[in-house]
Amino acid sequence: MQTQPAGGDAKPLLAVNNIEVIYDHVILVLKGVSLEVPEGGIVALLGANGAGKSTTLKAVSNLLPSERGEVTKGSIEFRGERVDQHGSPSDLVSKGIVQVMEGRRCFEHLTVEENLLTGAYTRKDGRAAVHADLDKVYHYFPRLGERKDAQSGYTSGGEQQMTAIGRALMAKPSVILLDEPSMGLAPQLVQEIFDIVQDLNEKEGVTFLLAEQNTTVALRYASYGYILETGRVVMDGEAKALAENEDVKEFYLGVSAGGRKSFRDTKSYRRRKRWLS
């Protein structure tokens, strides 16, 4: 199993090292999850609902305490510095770690533009710089420019997802943790949003760690992927290799039907387990 998608001896921008997460002091959700995100990369975190994808992102952005969760083992490093031991979520935003939550979480009573401007609340570089970045958001999301004065609660699901991503961009992130961006959206909108994610990655240098159940789309845009099942990484590799893997096709891409109950029963997982032992 590869553990360094960046390749060579390059230090990853973000490293999650064998973390364990427990909720309410008793419910073990993550059981030794490790992953790396290279600077300038798009890394996909894949798996079914309940696999632990959102919990992994919240561990990185330090949102677990608000849900009575905690990282009890392992470490999380950003630019070589541990970020799991101290620092509020707003401190991590200031460092460059920004999460777009599942379900968009827009402020429904605020306009689209007001929502976008809330993303800049940790910045100290002045009004002119903030408005220059606002223009940049409208460049990548022209529909938001057309709807900037509309209350977010009256915009479509796709427009709310764009607003949520645009709000994250206003924080000048180094890495965006994008949780289920395709959820509830029509295929055409999903492609539009992922195309913009790719543009932001290539033209603005924004790194992405995206949690997705839509494995087909995620592997099309990511360079590397990790598959989670019941709180463990059961497989990882280059996105192209994962997309061509027969077990991944069966369990996550719906290409064939083998009747197995768990990815852990597959040859791919058994080979990985032998390699690790």
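Up top you'll find the structure we're talking about.
Residues numbered from 1 in each chain as written. Predicted model: local features only at pLDDT ≥ 70, side-chain atom pairs only at ≥ 80, totals over all residues. Heavy atoms only, no water.

(A) Spotlight on the pattern of salt bridges. Scanning all chains against the criterion turns up 14 salt bridges. Asp84 is the partner of Arg82 in a salt bridge, and the nearest nitrogen-oxygen pair spans 2.6 Å. What makes Arg82 partly exposed here is its relative accessible area of 30%. Note on Asp84: relative accessible area 21%, which makes it partly exposed. Through salt bridges with shared partners, a single network forms among Arg123, Asp125, Asp133 and Lys172. (Salt bridge = Lys/Arg side-chain N within 4 Å of Asp/Glu carboxyl O. Buried < 20%, exposed > 50% of the residue type's maximum accessible area, 1.4 Å probe, protein only.)

(B) Inspection of the packing of aromatic side chains at higher detail. Inspection of the entire model under this criterion finds two aromatic pairs. Consider the rings of Phe194 and Tyr221, whose centres lie 5.3 Å apart with planes at 40°: the pair is tilted. Separated by 27 residues along the polypeptide, Phe194 in helix H7 (residues 187-204) and Tyr221 in helix H8 (residues 215-221) bring together distant segments of the chain. By the burial criterion, Phe194 is buried, and Tyr221 matches it. Where Tyr224 meets Tyr226, the ring centres are 5.3 Å apart and the plane angle is 55°; that geometry is what we call tilted. Taken as a pair, Tyr224 and Tyr226 share a single burial class, namely buried. (Phe/Tyr/Trp six-rings, centres within 6.5 Å; stacked < 30°, edge-to-face > 60°. Helix = DSSP H or I, 4+ residues; strand = E, 2+ residues; numbered from the N terminus.)

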